[in-house]
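# Understanding the architecture of this molecule
Each chain, letter by letter, is given below.
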Amino acid sequence: MKKEFIKNVCDIDVDGFRGINTYTIKAMYNVEKEEGYWGIEFKLIDKFTMTWSEIERDGGIEQINRDLEECYNIKKD
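Please read all numbers here as calculations on a predicted model, not as lab measurements.

Strands sit in the order S1-S2-S3 across an open sheet of 3 strands; the sheet is antiparallel. Single-partner strands in this sheet number two, and they are strand S1 (3–15) and strand S3 (38–51). Between one strand axis and the next, the sheet turns through 20 degrees on average, direction left out of account. Pairing geometry for strand S2 (residues 20–32) and S3, over 13 bridges, is antiparallel. Across the sheet, the residue bridging to Met 28 is Phe 42, located in S3. Helix H2 (residues 61–72) rests against S1, S2 and S3 of the sheet, and its axis sits at about 30 degrees to S2.

Okay, structure coming up:
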């Protein structure tokens, strides 16, 4: 079974009622299946939450996004 790294991705779940963002960082792979076709698989790298006040304290959402891109090597498409 062949496995090729594609890129790291970040999913953000925003909970407006509680003022919390949940960040899920995953590695995306192109994987050859036994049947001979290829599919996409993900591997969890990290998952964490930040309150909106923590985000503001750390420089705002744009700064958090830049930090995530740098820390986890996430490329914008």
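On to the pattern of salt bridges, then. In the structure shown here, the tally under the stated rule is 4 salt bridges. Among the ionic pairs, Asp 15 bridges to Arg 18, the shortest N-O distance being 2.9 Å. Given a relative accessible area of 60%, Arg 18 falls into the exposed group. Of the charged contacts in the structure, one is a salt bridge between Asp 58 and Arg 57, with a shortest N-O distance of 3.1 Å. By relative accessible area, Arg 57 is classed as exposed at 61%.

Cut-offs applied
- Residues numbered from 1 in each chain as written.
- Predicted model: local features only at pLDDT ≥ 70, side-chain atom pairs only at ≥ 80, totals over all residues.
- Heavy atoms only, no water.
- Pairing = 2+ DSSP bridges.
- Helix = DSSP H or I, 4+ residues; strand = E, 2+ residues; numbered from the N terminus.
- Axes fitted to C-alpha atoms, helices over the stretch in contact; angles between N-to-C directions.
- Contact = heavy atoms within 4.5 Å.
- Salt bridge = Lys/Arg side-chain N within 4 Å of Asp/Glu carboxyl O.
- Buried < 20%, exposed > 50% of the residue type's maximum accessible area, 1.4 Å probe, protein only.

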